[in-house]
Amino acid sequence: MRQNLRGRKMSQEDLFLSADEKERYLRQLSMADWSEEDQLKLKRLRVTVMGLGGAASSIINNLLLLGVGKIEAIDQDTVELSNLNRQFIHNVDHIGMSKAESLKIYARRLNPNVKVITTQVKIDETTIDETLDPKTDVIIDTFDKWAYRSIVNRFAVEHKIPYLMAGVVSNCFYTALLHSPHTPCLNCLIGRFQDPSVVGSFQTAIFAINILPIAAMGAFSIAELIKYLKTGESTNQFYFGSLYNTKQDIRFFTLFLSKHFKKISQEQGVKWGTVWESEGMTKLKLSKDPACRICGNSQFDEKN
Ligand SMILES: [Zn+2]
């Protein structure tokens, strides 16, 4: 029996592309660096997406169009009018509907080959173990609060699940595919989510946000996932992209950075402040924080 990257047995339908799929994906199958085997790797992929807002809209849209096998999506909210400048998997007919249900309708119309399972639940320390599947192939965390992300990160580290974290701040975006114990975990990089002096200043903020950095983030994030599918390992890179060279307020990202992340940034010539003023992509090679309280003294071996 053949197995996927995470050792899960494949079903019979995971071994072939149907005639419908071959026609649907014809143009991407024609790309020089994209084979039928690559398409099958995508078809076999089970992805868990945390949150169904703007970042998830961009990411899920790409997953649906590219032809991933199965999406399990988790969100507790309902659709509101003020979501619709960016959360394009939802629409005006779905205001008041759960985002989970709204996604199902969007996905069915866009690509019925993709299985979509949704759960409407608030993720916290008490619900995560019963909600998330430890056998999932990758967790994509689009939550907008670092405290929630830390709960998801802990689950990913414990079960050695690749963890794609992605988000936007002003007209900038960031993404990294982490896979502890081979790479750092989220806590190695973003360590100040429990610091009251940092968290308190964001309690009542309404974050300015539009679709442009979200769209760019979705492309870069899923490109990282495809690189992982093709090679079996994370690039261990952090990407920070900026659409304009005007003053961008990025404190929602930088105030939470760990000392370790600031140190490796500085070593690579990047200095973070509360404002970002350059255009284009910044790339950083990542490393683990030996003192990380989540993955620093990992009880897990290095085999998986
Ligand atoms: Zn760590």
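For the structure, see preceding data.
One numbering rule holds for all chains: residues counted from 1, following each sequence as written. Only residues with pLDDT of at least 70 get local features here, since the model is predicted, and only at 80 or more are side-chain atom pairs given and counted; chain-wide, interface and lining totals rely on the full set of residues. Computation of side-chain values: all heavy atoms of the structure, hydrogens and water removed.

*Asks:* Looking at this model, I keep getting lost on the coordination of the zinc ion. Mind explaining?
*Replies:* Reference geometry at the metal: tetrahedral coordination by four donors gives ideal angles of 109.5 degrees; octahedral coordination by six donors gives 90 or 180 degrees. Sites may look incomplete, because water is not among the atoms used; the donor set itself consists of N, O and S atoms within 2.8 Å of the metal (3.2 Å for Na, K and Ca). Taken together, Cys185 (SG), Cys188 (SG), Cys292 (SG) and Cys295 (SG) make up the full set of protein donors to the zinc ion, lying 2.3 Å away. A four-donor site is classed as tetrahedral when every donor-metal-donor angle falls between 85 and 135 degrees; four donors are called square planar, and six octahedral, when trans pairs exceed 155 degrees and all remaining angles lie between 65 and 115, with any other arrangement labelled irregular. Geometry at the zinc ion is tetrahedral, judged from its 4 donor atoms and the angles of 95 to 124° they form at the metal. Mapped onto the polypeptide sequence, the residues donating to the zinc ion form the spacing pattern C-x2-C-x103-C-x2-C. With Cys185 in the loop between strand E6 (172–178) and helix H8 (186–189) and Cys295 in the segment after strand E10 (280–285), this pair connects stretches of sequence that are 110 residues apart. Here Cys185 matches Cys295 in class, with each residue buried. Helix and strand assignments follow DSSP, with helices taken as H or I runs no shorter than four residues and strands as E runs no shorter than two, numbered in order from the N terminus. Between buried and exposed lies partly exposed: a residue is buried under 20% and exposed over 50% of the maximum accessible area for its type, with that area taken using a 1.4 Å probe on protein chains only.

*Asks:* Is there a simple way to think about the packing of aromatic side chains in this case?
*Replies:* We describe a pair of aromatic rings using the distance from one ring centre to the other and the angle between the two ring planes. A pair of Phe, Tyr and Trp rings is counted when the ring centres sit within 6.5 Å of each other, with Trp represented by its six-membered ring. The angle between the planes then sorts it: under 30 degrees is stacked, over 60 is edge-to-face, the rest tilted. Across all of its chains, the model carries 17 aromatic pairs by this definition. Summarising the aromatic geometry, the rings of Phe238 and Trp272 are spaced 6.4 Å apart at their centres and angled 85° between planes, so their arrangement reads as edge-to-face. Placement of Phe238 in strand E7 (residues 237–242) and of Trp272 in the loop between helix H12 (259–267) and strand E9 (275–276) is noted, with a sequence separation of 34 residues between them. Sitting above the plane of the Trp146 ring, Arg149 keeps its charged end 4.7 Å from the centroid. Remark: a charge is flagged as sitting over a ring if the NZ atom of Lys or the CZ atom of Arg is within 6 Å of the ring centre and within 35 degrees of the ring normal.

*Asks:* What's the story with the sheet that holds E10 in this structure? I'm lost.
*Replies:* Backbone hydrogen bonds hold the strands of a sheet together, and the pairing may be parallel or antiparallel. Strands are labelled as partners when DSSP assigns at least two bridges between them. The sheet built from 8 strands is open, its strands ordered E3-E2-E1-E4-E5-E6-E7-E10 with mixed pairing. Pairing within the sheet leaves two strands with one partner each, and these edge strands are strand E3 (115–119) and E10. The mean angle between the axes of side-by-side strands here comes to 15°, regardless of whether they run parallel or antiparallel. Two residues qualify as a contact provided that any one of their heavy atoms is within 4.5 Å of a heavy atom in the partner residue. Angular values range over 0 to 180 degrees, each being the angle between N-to-C directions of two axes fitted as lines to C-alpha atoms, with helices fitted over their stretch in contact. With respect to the sheet, helix H10 (residues 211–231) is in contact with strand E4 (138–141), strand E5 (163–169), E6, E7 and E10, its orientation differing from that of E6 by roughly 15°.

Don't take any of this as a statement about function, it's just geometry.
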